[in-house]
Amino acid sequence: MSEPRLVEVRRNVLKQNDVIARALRDRFRSAGVFVVSLVSSPGSGKTMFLEKTLSMLQPRYRVAALVGDLATENDALRLARSNAPVRQITTGTVCHLEAAMVEKALQDWNLNELDFLFIENVGNLVCPSSYDLGENLRLVLMSVTEGEDKPLKYPTIFNSADVAVVTKNELSEAVEFNWEAAHQSIQSVRPGMKTFRLSAKTGQGMQEYLEFLGQQLTEQQTVAQK
Amino acid sequence: MHELSIAMGIVDAALDEAKRRNLHVSAVHLRLGALSGVVKDALLFSYEVACQDTALAGSRLIVEDVPVVVFCPHCQQDRALVSVQSFVCPECSTPTMDVRQGKELEVFALEVDD
């Protein structure tokens, strides 16, 4: 029997997504908008965190959000209370956002009128890691109720993120959260990752994180002007 | 689980190449990085479903696992990671995020019947 013949093709399976993501990133840069995507497991408090982020940034900055969910527009309705422009992306059965969904949702938006755009991904710590959305910063959120070893259980998504936020800090005593252990697991899967510990509910620790976002925006605008 | 949409992407890419080169494909070879975010078993299962009613029906998916390779700033060398739970050089334990390999999700060859 003859050996099977191999034909080399070399095709990146996610090429289509990457091409759209790159175009989005260019569009964001030329509009001077800083784009943050949020990933976390379901129930970690992403929407509450985003609601606080939007309303606390608003006095100084022009902000907007896209929120991905399998079904319902509840999150968009909740976030609309902040008075920021919010659009829901309902993915149906799809467990993650893809660049094409973001592109479609932003079609009629004038990004020049924004400083920050937040993209809340579907609550899922597995699938979103494969898809670039053109964001400038990927933020992974975990709450103290999820346990210190969450990063070790989902290393790929933590590794793909730029910043970690540990939230629901007001509950850390009740659940005996070990901050040192959590910090170690984050640093193990993503050495050098900047981490914020805060409570979206009480506002404790939010200021430091918001200042960080402000710096990121300034840096991006400085680079864009060069 | 997003492996079905990934599998459909693999089938689309393979079908496109096969059509363009006029090939009858018996197997698709995929390079799958340990940091790709894709689960191999779920992908193998999804591949069969994604092939149904296409020219690839009955073909096999052959997955080559690609380990994560990082550059160690201390040793000044590429090193294979022991575990994706620990981004440190296996020789000197220096933490590193300089990933050189391991994110691949690439159809790299088609096996053809002549």
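Scroll up to find the structure.
Being a predicted model, the structure only gives us computed values, none of them experimental. (Residues numbered from 1 in each chain as written. Chains lettered and ligands numbered in written order. Predicted model: local features only at pLDDT ≥ 70, side-chain atom pairs only at ≥ 80, totals over all residues.)

**Overview of the overall build of chain B**
Across its full length, chain B carries 2 helices and 6 strands. Mapped in sequence order, the helices and strands of chain B form the string α-β-α-β-β-β-β-β. In terms of C-alpha radius of gyration, chain B reaches 17 Å, well past the compact-globule figure of 13 Å for 114 residues. Taking all 114 residues of chain B together, the buried fraction comes to 38%. For chain B, long-range pairs separated by at least 24 residues make up 70% of all intrachain contacts whose partners lie at least 6 apart in sequence. (Helix = DSSP H or I, 4+ residues; strand = E, 2+ residues; numbered from the N terminus. Rg over C-alpha atoms; globule rule 2.2 N^0.38 Å. Buried ≥ 20, exposed ≤ 12 C-beta atoms within 10 Å, placed from the backbone. Contact = placed C-beta atoms within 7 Å.)

**Quick look at the sheet that holds strand S5 (residues 116-120) of chain A**
The strands making up a sheet associate through hydrogen bonds between their backbones, and the pairing can be parallel or antiparallel. Residues and elements named next belong to chain A. If you trace the 7 strands from one edge of the open sheet to the other, you get S4-S3-S5-S2-S6-S7-S8, paired in parallel fashion. Looking at the sheet topology across the chains shown, the edges are occupied by strand S4 (86-90) and strand S8 (194-197). On average, each strand axis in the sheet is tilted by 20° relative to the strand beside it, whichever way the strands run. Looking at chain direction, strand S3 (residues 63-69) and S4 are connected through 5 bridges and run parallel. (Pairing = 2+ DSSP bridges. Axes fitted to C-alpha atoms, helices over the stretch in contact; angles between N-to-C directions.)

**Describing the environment of Thr91(A)**
All names here are of chain A. By the secondary structure assignment, Thr91 is in the loop between S4 and helix H4 (99-105). Sequence separation between Thr91 and Ile157 is 66 residues, and the spatial gap between their C-alpha atoms is 20 Å. Residues contacting Thr91, with those up to four places away along its chain left out, are Gly68, Asp69, Leu70, Leu97, Met101 and Val122.

**Some details on the nonpolar core**
In terms of nonpolar packing, the biggest core is built from 63 residues, with Ala65(A), Val102(A), Phe116(A), Ile119(A) and Val140(A) touching the most fellow members. Ignoring sequence-local partners within four residues, the contact set of Val102(A) consists of Leu24(A), Leu66(A), Leu97(A), Ile119(A), Leu133(A) and Gly134(A). In terms of nonpolar packing, the next biggest core, distinct from the first, is built from 25 residues, Ala14(B), Val25(B), Leu105(B) and Val107(B) among them. (Core = buried A, V, L, I, M, F, W, Y, C linked by C-beta atoms within 7 Å.)

**Some thoughts on the packing of helix H1 (residues 3-21) of chain B against helix H2 (residues 40-51) of chain B**
All names here are of chain B. Axis separation between H1 and H2 bottoms out at 8 Å; the angle between their running directions is 55°. Here H1 is positioned oblique relative to H2, judged by the angle of their axes. In this structure, H1 meets H2 at a crossing whose hand is right-handed. Listed contacts from H2 to Glu3, Leu4, Ile6, Ala7, Met8, Ile10 and Val11 of H1 are Ala42, Leu43, Ser46, Tyr47, Val49, Ala50 and Cys51. Here the residues of the contact of H1 with H2 are counted per class, giving 12 nonpolar, 1 polar and 1 charged. (Parallel < 35°, antiparallel > 145°, perpendicular 65-115°, else oblique. Left-handed = near helix turned anticlockwise from the far one by under 90°. Nonpolar A, V, L, I, M, F, W, Y, C, P; charged D, E, K, R; others polar.)

**Here we look at the sheet that holds strand S4 (residues 77-80) of chain B**
Residue and element names in this part refer to chain B. Read across the open sheet, the 3 strands follow the order S4-S3-S5; overall the sheet is antiparallel. Of all strands in the sheet, those bounded by a partner on one side alone are S4 and strand S5 (99-101). The average angle at which neighbouring strand axes cross in this sheet is 40°, direction not considered. Pairing of strand S3 (residues 69-72) with S5, which is carried by 2 bridges, proceeds in the antiparallel orientation. Bridging from a neighbouring strand, Val69 pairs with Gln101 of S5.

**Quick look at helix H7 (residues 179-189) of chain A**
All names here are of chain A. Burial in H7 covers these residues: Ala182, Ser185, Ile186, Ser188 and Val189. Looking straight down H7, one finds its buried side chains confined to an arc of 160°; they lie on one side. Looking at the buried residues of H7, the elements they touch are helix H5 (150-153), helix H6 (155-160), strand S7 (163-167) and S8. (Arc of directions from axis to C-beta.)

**Here we look at the interface of chain B and chain A**
Taken together, the contacts link 30 residues of chain B with 26 residues of chain A. Contributions of two or more residues to the side of chain B that touches chain A are made by H1 and strand S6 (105-112) of chain B. Looking at the side of chain B that touches chain A element by element, the count peaks at 8 residues for S6(B). Summarising the sheet, strand S1 (residues 5-12) of chain A and S6(B) pair through 6 bridges and their orientation is antiparallel. Residue pairing for S6(B): Val7(A) is matched across the bridge by Leu110(B).

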